[in-house]
Amino acid sequence: MNKDYSIADVLIESLPYIRRFYGKTIVIKYGGNAMVEDRLKEDFARDVTLMRYIGLNPVVVHGGGPQIGIVLDQMGIGTSFVDGMRVTDEPTMDVVEMVLGGKVNKSIVAQINRQGGKAVGLSGKDGGLVLAKKLHVVRTSVENKPPEIIDIGMVGEVVAINPEIINTLKRDDFIPVIAPVGVGESGETYNINADWVASKIATALKAIKLILLTDVEGIKDSSGNVVSSVNLKGLTKMLKDNVVSDGMIPKVKCSREAIENGVEKVHIIDGRIPHAVLLEIFTDKGIGTEIVN
């Protein structure tokens, strides 16, 4: 096939999507290997910059668990997890805020700016963006006994999103890059799951899409095959039948909540694929799993 012809085909295929999403907000949760491998980091920065140049409004919410773990080890601070969540005491919270709001956030901002974008780093504390409260973990392990309440420290859940600062940045063509740290009513700081922060921000911004970058191909059925598309009814059944497990559970739950609250589509995609975001948004076939209402 003529190479120029195939490139033209790709551009023509993307045109309806560019037209449809022009001026719309797309929230991307950025994490996994896409944040670690140099080539994938560069690809992601280019993808986000391109989206902004052609008239879309990307908003990036990032994780940083592995980076936090490395710094904790270097500082000799022990760490433990409950239901996949890091137990966060005050010394750990200091490291979390330093790594997420400083090192990781500014690195992503610099990557996007090097590609010609105009990125600005934020934490959920800036402008009261992410209002939070302490997350209580409740376990019911034995029948007819009261539930066990586990204190996992300064781990929070989102109470409300104040999108004013994001909307201000969007009006001036900036790309917000947000660290998932929230603020309580008394000014206390909370470490929050980035998937949930992205979901809540997507809802508050009335985003047309929420994209979750992962290190797996997408949601898999009971036979281990990737599900290309699933609606809320099918998603609920997969959760009930324990088809979804481990780290995919919070992603599926926050995806379901986003759809229920007005986000048109959620995409769970493999961030290890170069230019995964562009492939999902601008091609007919796409990659990973899309969740629809």
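Note: the structure precedes this text.
In this report, we go over the structure that sits alongside the text. (Residues numbered from 1 in each chain as written. Predicted model: local features only at pLDDT ≥ 70, side-chain atom pairs only at ≥ 80, totals over all residues. Heavy atoms only, no water.)

### Section: the overall build of the protein chain
Thought 1: Tallying secondary structure elements over the protein chain gives 9 helices and 16 strands in all.
Thought 2: For 293 residues, the compact-globule estimate of 2.2 N^0.38 gives 19 Å, and the C-alpha radius of gyration of the protein chain, at 19 Å, lies within 12% of that figure.
Thought 3: Out of the 293 residues in the protein chain, the part that is buried amounts to 47%.
Thought 4: Contacts in the protein chain between residues far apart in sequence, at least 24 positions, make up 73% of those at least 6 positions apart.
Thought 5: Total accessible area computed for the protein chain in this model is approximately 14500 Å², and 52% of it derives from carbon and sulfur atoms.
Thought 6: Considering the protein chain, the positive charge centre built from 34 side chains and the negative charge centre built from 37 side chains are found 4 Å apart. (Helix = DSSP H or I, 4+ residues; strand = E, 2+ residues; numbered from the N terminus. Rg over C-alpha atoms; globule rule 2.2 N^0.38 Å. Buried < 20%, exposed > 50% of the residue type's maximum accessible area, 1.4 Å probe, protein only. Contact = heavy atoms within 4.5 Å. Areas by Shrake-Rupley, 256 points an atom, 1.4 Å probe, with all protein chains shown as cover. Lys, Arg positive; Asp, Glu negative; His and termini not counted. Charge placed at Lys NZ, Arg CZ, Asp CG, Glu CD.)

### Focus: the pattern of salt bridges
Close approach of charged atoms allows side chains of opposite charge to pair.
Thought 1: Evaluated as defined, the whole model comprises 14 salt bridges.
Thought 2: Across the pair Asp195 and Lys251 runs a salt bridge, and its minimum N-O distance is 2.9 Å. Remark: Lys251 occurs in helix α8 (residues 248–260) and Asp195 occurs in helix α6 (residues 194–204); sequence separation between them is 56 residues. Both residues of the pair, Asp195 and Lys251, belong to the buried class.
Thought 3: We note a salt bridge from Glu257 to Lys200, for which the minimum N-O separation is 2.6 Å. Highlighted residues: Glu257 in helix α8 and Lys200 in helix α6, separated in sequence by 57 residues.
Thought 4: Look at Glu257 and you get partly exposed, because its relative accessible area is 22%.
Thought 5: Counted as one network, the salt bridges with shared partners bring together Lys29, Asp195 and Lys251. (Salt bridge = Lys/Arg side-chain N within 4 Å of Asp/Glu carboxyl O.)

### Side note on the sheet that holds strand β1 (residues 25–30)
Sheet strands associate in pairs through backbone hydrogen bonding, adopting either a parallel or an antiparallel arrangement.
Thought 1: Taken together, 8 strands build an open sheet; the order of strands is β5-β10-β2-β1-β13-β15-β16-β14 and the sheet is mixed. Edge positions in the sheet fall to β5 (119–123) and β14 (229–231), since each has one partner strand and no second. Within the sheet, the average angular offset between the axes of one strand and its neighbour, ignoring direction, is 20°.
Thought 2: Relative to strand β15 (residues 265–270), strand β13 (residues 209–214) runs parallel, the two sharing 6 bridges. In the strand pairing of β15, Lys209 is matched with Lys265.
Thought 3: Sitting on the sheet, α8 is in contact with β1, β13, β15 and β16 (289–292), with an inclination near 155° to β15. (Pairing = 2+ DSSP bridges. Axes fitted to C-alpha atoms, helices over the stretch in contact; angles between N-to-C directions.)

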